[in-house]
Amino acid sequence: MSKGTIMSGMRPTGKLHLGNYFGALENWVRLQNEYRSYHAIVDWHALTTAYEDTSELQDNIMEVALDWLSAGLDPNKCTIYIQSDVKEIAELFLLLSMVTPVSWLERCPTYKDQLKQLEGKNIANFGFLGYPCLQAADILIFKAQYVPVGEDQIPHLELSREIARRFNYLYGETLPEPEALLTEAKVLPGLDGRKMSKSYNNAIYLSDSEDEIRSKVSQMITDPQRITKTDPGNPDICSVYAFHKVFTELADLKETEEACRGGKVGCVACKKRMAENLVKFLEPIRTKRTELEANLDDVRDILDTGAKKAREEAKITVQEVREKMNLK
Ligand code: TRP
(Lines give C-alpha, C1' and ligand atoms only; values in the text may rest on other atoms or scores of the structure.)
Protein backbone atom coordinates (compact mmCIF):
# COMPACT_ATOMS: atom_id res chain seq x y z
CA MET A 1 0.00 0.00 0.00
CA SER A 2 1.48 3.31 -1.05
CA LYS A 3 0.96 6.33 1.16
CA GLY A 4 2.00 8.66 -1.64
CA THR A 5 5.13 9.84 -3.38
CA ILE A 6 8.32 11.06 -1.76
CA MET A 7 11.37 12.63 -3.34
CA SER A 8 14.69 13.47 -1.79
CA GLY A 9 18.26 13.95 -2.86
CA MET A 10 21.84 14.38 -1.71
CA ARG A 11 24.70 16.27 -3.25
CA PRO A 12 27.58 14.01 -4.25
CA THR A 13 30.39 15.36 -2.10
CA GLY A 14 31.98 12.01 -1.30
CA LYS A 15 31.52 9.08 1.05
CA LEU A 16 28.67 9.31 3.53
CA HIS A 17 29.25 9.41 7.27
CA LEU A 18 27.13 8.39 10.22
CA GLY A 19 25.61 11.87 10.38
CA ASN A 20 24.32 11.51 6.82
CA TYR A 21 23.05 8.04 7.62
CA PHE A 22 21.05 8.97 10.69
CA GLY A 23 20.09 12.36 9.30
CA ALA A 24 18.42 11.01 6.17
CA LEU A 25 19.37 7.66 4.74
CA GLU A 26 18.10 5.48 7.57
CA ASN A 27 14.75 7.17 7.12
CA TRP A 28 14.63 6.67 3.37
CA VAL A 29 15.36 2.99 3.77
CA ARG A 30 12.34 2.66 6.02
CA LEU A 31 10.09 4.87 3.88
CA GLN A 32 10.74 2.96 0.66
CA ASN A 33 8.43 0.25 1.98
CA GLU A 34 5.52 2.65 2.36
CA TYR A 35 5.92 5.31 -0.30
CA ARG A 36 6.70 5.55 -3.99
CA SER A 37 10.21 6.86 -3.51
CA TYR A 38 12.51 8.82 -5.78
CA HIS A 39 16.09 9.46 -4.68
CA ALA A 40 18.45 11.58 -6.71
CA ILE A 41 22.18 12.07 -6.56
CA VAL A 42 21.98 15.77 -7.32
CA ASP A 43 25.13 16.44 -9.32
CA TRP A 44 23.82 19.71 -10.78
CA HIS A 45 23.32 20.98 -7.25
CA ALA A 46 26.90 19.99 -6.43
CA LEU A 47 28.08 22.11 -9.36
CA THR A 48 26.39 25.23 -8.02
CA THR A 49 29.18 25.64 -5.47
CA ALA A 50 31.87 23.30 -6.78
CA TYR A 51 31.93 24.14 -10.47
CA GLU A 52 35.60 25.07 -10.58
CA ASP A 53 37.13 21.70 -9.82
CA THR A 54 34.96 18.88 -11.11
CA SER A 55 37.71 16.27 -11.24
CA GLU A 56 36.20 14.19 -8.42
CA LEU A 57 32.57 14.52 -9.39
CA GLN A 58 32.18 11.10 -11.02
CA ASP A 59 33.98 9.33 -8.17
CA ASN A 60 31.81 11.13 -5.65
CA ILE A 61 28.63 10.14 -7.47
CA MET A 62 29.73 6.52 -7.35
CA GLU A 63 30.57 6.74 -3.63
CA VAL A 64 27.09 8.02 -2.85
CA ALA A 65 25.46 5.33 -4.96
CA LEU A 66 27.54 2.65 -3.20
CA ASP A 67 26.65 4.02 0.24
CA TRP A 68 22.94 4.25 -0.57
CA LEU A 69 22.75 0.70 -1.85
CA SER A 70 24.94 -0.68 0.95
CA ALA A 71 22.78 1.00 3.57
CA GLY A 72 19.67 -0.66 2.17
CA LEU A 73 18.07 1.50 -0.49
CA ASP A 74 16.64 -1.17 -2.74
CA PRO A 75 16.26 -0.44 -6.47
CA ASN A 76 13.31 -2.84 -6.54
CA LYS A 77 11.49 -0.66 -4.06
CA CYS A 78 12.57 2.86 -4.99
CA THR A 79 13.91 4.79 -7.95
CA ILE A 80 17.56 5.83 -7.65
CA TYR A 81 19.10 8.03 -10.31
CA ILE A 82 21.64 10.70 -11.12
CA GLN A 83 19.92 14.07 -11.46
CA SER A 84 21.73 15.09 -14.65
CA ASP A 85 20.56 11.89 -16.36
CA VAL A 86 17.00 13.18 -16.14
CA LYS A 87 17.18 16.12 -18.54
CA GLU A 88 13.49 16.90 -18.04
CA ILE A 89 14.46 18.34 -14.65
CA ALA A 90 16.52 20.99 -16.46
CA GLU A 91 13.56 21.88 -18.64
CA LEU A 92 11.21 22.17 -15.70
CA PHE A 93 13.84 24.24 -13.88
CA LEU A 94 13.95 26.63 -16.82
CA LEU A 95 10.17 26.94 -16.98
CA LEU A 96 9.84 27.41 -13.21
CA SER A 97 12.55 30.06 -13.32
CA MET A 98 10.13 32.19 -15.35
CA VAL A 99 7.72 32.41 -12.43
CA THR A 100 10.29 32.65 -9.63
CA PRO A 101 10.99 36.19 -8.42
CA VAL A 102 14.69 36.88 -7.88
CA SER A 103 13.80 38.45 -4.52
CA TRP A 104 12.52 35.08 -3.22
CA LEU A 105 15.86 33.51 -4.04
CA GLU A 106 17.91 36.37 -2.64
CA ARG A 107 16.17 36.33 0.70
CA CYS A 108 16.46 32.56 1.14
CA PRO A 109 18.35 32.14 4.44
CA THR A 110 20.52 29.32 3.10
CA TYR A 111 21.62 31.56 0.25
CA LYS A 112 22.69 34.39 2.53
CA ASP A 113 24.34 31.93 4.92
CA GLN A 114 26.35 30.17 2.27
CA LEU A 115 27.52 33.39 0.68
CA LYS A 116 28.97 34.31 4.06
CA GLN A 117 30.31 30.87 4.92
CA LEU A 118 31.91 30.18 1.58
CA GLU A 119 33.54 33.58 1.46
CA GLY A 120 36.66 33.37 -0.67
CA LYS A 121 34.89 30.99 -3.03
CA ASN A 122 33.20 32.72 -5.92
CA ILE A 123 29.58 31.61 -5.76
CA ALA A 124 27.98 34.88 -6.81
CA ASN A 125 26.60 33.00 -9.78
CA PHE A 126 23.24 32.63 -11.43
CA GLY A 127 23.36 28.85 -10.87
CA PHE A 128 23.87 29.14 -7.15
CA LEU A 129 21.16 31.77 -6.78
CA GLY A 130 18.82 29.38 -8.57
CA TYR A 131 19.63 26.44 -6.30
CA PRO A 132 16.18 26.35 -4.63
CA CYS A 133 14.40 26.65 -7.98
CA LEU A 134 16.34 23.62 -9.23
CA GLN A 135 15.40 21.80 -6.05
CA ALA A 136 11.75 22.70 -6.67
CA ALA A 137 12.05 21.16 -10.14
CA ASP A 138 13.52 17.97 -8.57
CA ILE A 139 10.51 17.61 -6.35
CA LEU A 140 7.65 18.94 -8.47
CA ILE A 141 8.59 16.88 -11.50
CA PHE A 142 7.26 13.79 -9.67
CA LYS A 143 4.44 15.68 -8.00
CA ALA A 144 5.87 14.43 -4.72
CA GLN A 145 3.68 15.09 -1.69
CA TYR A 146 6.46 14.57 0.84
CA VAL A 147 10.14 15.37 1.03
CA PRO A 148 12.06 13.58 3.78
CA VAL A 149 14.77 16.06 4.77
CA GLY A 150 16.42 17.59 7.79
CA GLU A 151 15.36 20.90 9.31
CA ASP A 152 18.08 22.73 7.43
CA GLN A 153 16.09 22.19 4.23
CA ILE A 154 12.87 23.84 5.42
CA PRO A 155 13.58 27.17 3.65
CA HIS A 156 14.12 25.32 0.35
CA LEU A 157 10.94 23.40 0.78
CA GLU A 158 9.00 26.54 1.56
CA LEU A 159 10.29 28.01 -1.70
CA SER A 160 9.25 24.88 -3.59
CA ARG A 161 5.76 25.33 -2.23
CA GLU A 162 5.69 29.00 -3.15
CA ILE A 163 6.89 28.30 -6.66
CA ALA A 164 4.24 25.59 -7.11
CA ARG A 165 1.57 27.92 -5.78
CA ARG A 166 2.58 30.71 -8.11
CA PHE A 167 2.63 28.36 -11.08
CA ASN A 168 -0.84 27.07 -10.21
CA TYR A 169 -2.15 30.60 -9.75
CA LEU A 170 -0.89 31.68 -13.17
CA TYR A 171 -1.70 28.60 -15.25
CA GLY A 172 -4.21 26.54 -13.29
CA GLU A 173 -3.85 23.74 -10.73
CA THR A 174 -0.96 21.58 -11.91
CA LEU A 175 1.72 21.10 -9.29
CA PRO A 176 0.85 19.88 -5.78
CA GLU A 177 2.62 21.70 -2.94
CA PRO A 178 5.13 19.34 -1.33
CA GLU A 179 5.52 19.01 2.43
CA ALA A 180 8.61 18.27 4.47
CA LEU A 181 8.58 14.90 6.16
CA LEU A 182 10.60 15.59 9.26
CA THR A 183 11.49 12.65 11.40
CA GLU A 184 13.44 12.90 14.54
CA ALA A 185 17.01 12.20 13.61
CA LYS A 186 19.38 10.69 16.13
CA VAL A 187 22.04 13.21 16.99
CA LEU A 188 25.58 11.92 16.77
CA PRO A 189 28.42 14.33 17.39
CA GLY A 190 31.68 14.13 15.52
CA LEU A 191 34.90 12.79 17.06
CA ASP A 192 35.69 16.23 18.51
CA GLY A 193 32.22 16.85 19.91
CA ARG A 194 31.18 19.31 17.18
CA LYS A 195 28.56 18.42 14.56
CA MET A 196 29.78 15.52 12.42
CA SER A 197 30.92 16.98 9.14
CA LYS A 198 33.29 16.06 6.37
CA SER A 199 34.79 19.54 6.44
CA TYR A 200 35.56 19.35 10.17
CA ASN A 201 37.50 16.15 9.61
CA ASN A 202 35.68 14.53 12.54
CA ALA A 203 33.50 11.96 10.80
CA ILE A 204 33.15 8.20 10.87
CA TYR A 205 32.23 6.93 7.43
CA LEU A 206 29.89 4.08 6.59
CA SER A 207 32.74 2.58 4.59
CA ASP A 208 35.47 2.90 7.24
CA SER A 209 37.32 -0.35 7.97
CA GLU A 210 37.07 -2.01 11.37
CA ASP A 211 40.48 -0.70 12.31
CA GLU A 212 39.67 2.82 11.17
CA ILE A 213 36.55 2.74 13.32
CA ARG A 214 38.50 1.54 16.37
CA SER A 215 41.21 4.10 15.88
CA LYS A 216 38.75 6.96 15.37
CA VAL A 217 36.71 5.99 18.42
CA SER A 218 39.89 5.93 20.51
CA GLN A 219 40.39 9.62 19.64
CA MET A 220 36.89 10.69 20.67
CA ILE A 221 36.42 13.43 23.23
CA THR A 222 34.99 12.36 26.59
CA ASP A 223 34.22 14.31 29.77
CA PRO A 224 37.23 16.66 30.00
CA GLN A 225 36.92 16.85 33.82
CA ARG A 226 37.79 13.21 34.07
CA ILE A 227 41.50 12.70 34.58
CA THR A 228 41.77 9.24 36.09
CA LYS A 229 39.33 6.40 35.70
CA THR A 230 38.21 6.59 39.32
CA ASP A 231 36.99 10.18 38.80
CA PRO A 232 33.20 10.21 38.50
CA GLY A 233 32.29 10.99 34.87
CA ASN A 234 29.39 12.83 33.27
CA PRO A 235 27.97 10.83 30.35
CA ASP A 236 25.69 13.72 29.36
CA ILE A 237 28.61 15.69 27.96
CA CYS A 238 30.51 12.70 26.55
CA SER A 239 30.54 12.05 22.79
CA VAL A 240 31.25 8.37 23.37
CA TYR A 241 28.14 8.07 25.49
CA ALA A 242 26.09 9.75 22.75
CA PHE A 243 27.26 6.91 20.51
CA HIS A 244 26.56 4.30 23.19
CA LYS A 245 22.97 5.51 23.21
CA VAL A 246 22.64 4.61 19.56
CA PHE A 247 24.75 1.47 19.30
CA THR A 248 24.62 -0.19 22.71
CA GLU A 249 21.81 -2.38 23.97
CA LEU A 250 19.66 -0.99 26.72
CA ALA A 251 20.87 -3.24 29.55
CA ASP A 252 24.53 -2.56 28.74
CA LEU A 253 23.76 1.12 28.29
CA LYS A 254 22.46 1.45 31.85
CA GLU A 255 25.49 -0.34 33.18
CA THR A 256 27.80 1.89 31.13
CA GLU A 257 26.16 5.01 32.45
CA GLU A 258 26.34 3.88 36.06
CA ALA A 259 29.92 2.72 35.76
CA CYS A 260 30.92 6.10 34.30
CA ARG A 261 29.11 8.13 36.95
CA GLY A 262 30.57 5.90 39.66
CA GLY A 263 34.11 6.11 38.33
CA LYS A 264 34.17 2.36 37.81
CA VAL A 265 35.10 2.20 34.16
CA GLY A 266 37.84 4.10 32.37
CA CYS A 267 37.23 6.00 29.14
CA VAL A 268 39.58 3.72 27.23
CA ALA A 269 37.64 0.58 28.13
CA CYS A 270 34.34 2.35 27.58
CA LYS A 271 35.43 3.45 24.09
CA LYS A 272 36.55 -0.07 23.26
CA ARG A 273 33.15 -1.50 24.11
CA MET A 274 31.37 1.12 22.06
CA ALA A 275 33.73 0.66 19.12
CA GLU A 276 32.92 -3.06 18.98
CA ASN A 277 29.19 -2.32 18.93
CA LEU A 278 29.69 0.22 16.15
CA VAL A 279 31.85 -2.22 14.18
CA LYS A 280 29.06 -4.77 14.50
CA PHE A 281 26.40 -2.26 13.47
CA LEU A 282 28.28 -1.26 10.32
CA GLU A 283 29.29 -4.81 9.41
CA PRO A 284 26.37 -5.59 7.05
CA ILE A 285 26.77 -2.23 5.32
CA ARG A 286 30.50 -2.86 4.83
CA THR A 287 29.92 -6.37 3.53
CA LYS A 288 27.33 -5.18 1.03
CA ARG A 289 29.68 -2.42 -0.12
CA THR A 290 32.53 -4.84 -0.77
CA GLU A 291 30.14 -6.93 -2.84
CA LEU A 292 28.97 -3.92 -4.86
CA GLU A 293 32.49 -2.58 -5.35
CA ALA A 294 33.35 -5.82 -7.14
CA ASN A 295 30.42 -5.26 -9.50
CA LEU A 296 30.46 -1.57 -10.34
CA ASP A 297 28.77 -2.24 -13.67
CA ASP A 298 25.73 -3.49 -11.78
CA VAL A 299 25.65 -0.23 -9.85
CA ARG A 300 25.82 1.74 -13.10
CA ASP A 301 22.96 -0.39 -14.46
CA ILE A 302 20.87 0.41 -11.39
CA LEU A 303 21.44 4.14 -11.91
CA ASP A 304 20.65 3.89 -15.64
CA THR A 305 17.48 1.93 -15.03
CA GLY A 306 16.49 4.41 -12.33
CA ALA A 307 17.01 7.34 -14.70
CA LYS A 308 14.86 5.66 -17.36
CA LYS A 309 12.04 5.11 -14.89
CA ALA A 310 12.34 8.64 -13.55
CA ARG A 311 12.29 10.11 -17.06
CA GLU A 312 9.07 8.36 -17.97
CA GLU A 313 7.35 10.04 -15.03
CA ALA A 314 9.17 13.34 -15.55
CA LYS A 315 8.17 13.58 -19.21
CA ILE A 316 4.50 13.48 -18.28
CA THR A 317 4.79 16.41 -15.87
CA VAL A 318 6.94 18.47 -18.21
CA GLN A 319 4.47 17.97 -21.05
CA GLU A 320 1.63 19.04 -18.81
CA VAL A 321 3.56 22.12 -17.70
CA ARG A 322 4.43 23.01 -21.29
CA GLU A 323 0.83 22.80 -22.34
CA LYS A 324 -0.34 24.91 -19.41
CA MET A 325 2.13 27.57 -20.50
CA ASN A 326 0.97 27.30 -24.09
CA LEU A 327 4.14 25.71 -25.33
CA LYS A 328 3.49 22.83 -27.68
N1 TRP B 1 19.45 20.80 -0.96
C2 TRP B 1 19.51 19.44 -0.52
C3 TRP B 1 20.67 19.31 0.50
O4 TRP B 1 21.57 20.08 0.48
C5 TRP B 1 19.74 18.46 -1.63
C6 TRP B 1 18.58 18.39 -2.58
C7 TRP B 1 18.57 18.74 -3.88
C8 TRP B 1 17.28 17.88 -2.29
N9 TRP B 1 17.36 18.49 -4.45
C10 TRP B 1 16.55 17.98 -3.50
C11 TRP B 1 16.68 17.39 -1.13
C12 TRP B 1 15.21 17.58 -3.55
C13 TRP B 1 15.36 17.01 -1.19
C14 TRP B 1 14.62 17.11 -2.41
O15 TRP B 1 20.67 18.41 1.28
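All figures in this text were calculated on a predicted structure; none of them were measured in a lab.

1. So, the nonpolar core
Then step 1. Leu-18, Leu-25, Trp-68, Phe-243 and Leu-278 are the most contacted members of the largest nonpolar core, which has 52 residues in total.
Then step 2. Secondary-structure elements contributing two or more residues to this core are helix H1 (18-31), helix H3 (57-71), strand S3 (78-82), helix H10 (210-218), helix H11 (239-247), helix H12 (250-261), helix H13 (267-293) and helix H14 (296-324).
Then step 3. Looking at which element gives the most residues to this core, the answer is H3, with 9 residues.
Then step 4. Three or more residues apiece are contributed to this core by two domains, here domain 1 (5-188 + 296-324) and domain 2 (208-289).
Then step 5. Those residues within four positions of Trp-68 in sequence are excluded, and the remaining contacts are Met-10, Leu-16, Leu-25, Trp-28, His-39, Ala-40, Ile-41, Leu-73 and Ile-80.
Then step 6. Leu-96, Ile-123, Leu-134 and Leu-175 belong to the second-largest nonpolar core, a separate cluster that totals 42 residues.

2. Topic: the packing of H3 against H14
Then step 1. Viewed as axis vectors pointing N to C, H3 and H14 meet at an angle of 90°, and their least axial separation amounts to 11 Å. Taken together, H3 and H14 sit at an angle that is classed as roughly perpendicular. For the pair H3 and H14, contact is made by Met-62, Ala-65, Leu-66 and Leu-69 and by Leu-296, Val-299, Arg-300, Ile-302 and Leu-303, respectively.
Then step 2. By residue class, the composition of the contact of H3 with H14 is 8 nonpolar, no polar and 1 charged.

3. What to know about the domain arrangement of the chain
Then step 1. What the domain assignment reports for the chain is domain 1 (5-188 + 296-324) and domain 2 (208-289).
Then step 2. Just the C-alpha atoms count here: the centres of domain 1 and domain 2 sit 35 Å apart.
Then step 3. Listed as interface residues are 12 residues of domain 1 and, on the opposing side, 10 residues of domain 2.
Then step 4. Here domain 1 and domain 2 share an interface that buries about 920 Å² over both sides, 72% of which is from carbon and sulfur atoms.
Then step 5. When the buried area of domain 1 at its contact with domain 2 is split by residue, Leu-18, Ser-70 and Leu-188 rank highest and sum to 52% of it.
Then step 6. Linking domain 1 with domain 2 are 2 salt bridges, by the criterion used here.
Then step 7. Applying the counting criterion to the domain 1 and domain 2 interface returns 2 residue pairs in polar contact (both at pLDDT 80 or more).

Criteria and cut-off values
Residues numbered from 1 in each chain as written. Predicted model: local features only at pLDDT ≥ 70, side-chain atom pairs only at ≥ 80, totals over all residues. Heavy atoms only, no water. Core = buried A, V, L, I, M, F, W, Y, C linked by side-chain atoms within 4.5 Å. Buried < 20%, exposed > 50% of the residue type's maximum accessible area, 1.4 Å probe, protein only. Helix = DSSP H or I, 4+ residues; strand = E, 2+ residues; numbered from the N terminus. Domains from an automatic or database assignment. Contact = heavy atoms within 4.5 Å. Axes fitted to C-alpha atoms, helices over the stretch in contact; angles between N-to-C directions. Parallel < 35°, antiparallel > 145°, perpendicular 65-115°, else oblique. Nonpolar A, V, L, I, M, F, W, Y, C, P; charged D, E, K, R; others polar. Buried area = accessible area lost by both parts, 1.4 Å probe. Salt bridge = Lys/Arg side-chain N within 4 Å of Asp/Glu carboxyl O. Polar contact = N/O pair within 3.5 Å; in protein donor to acceptor, adjacent residues only side chain to side chain.

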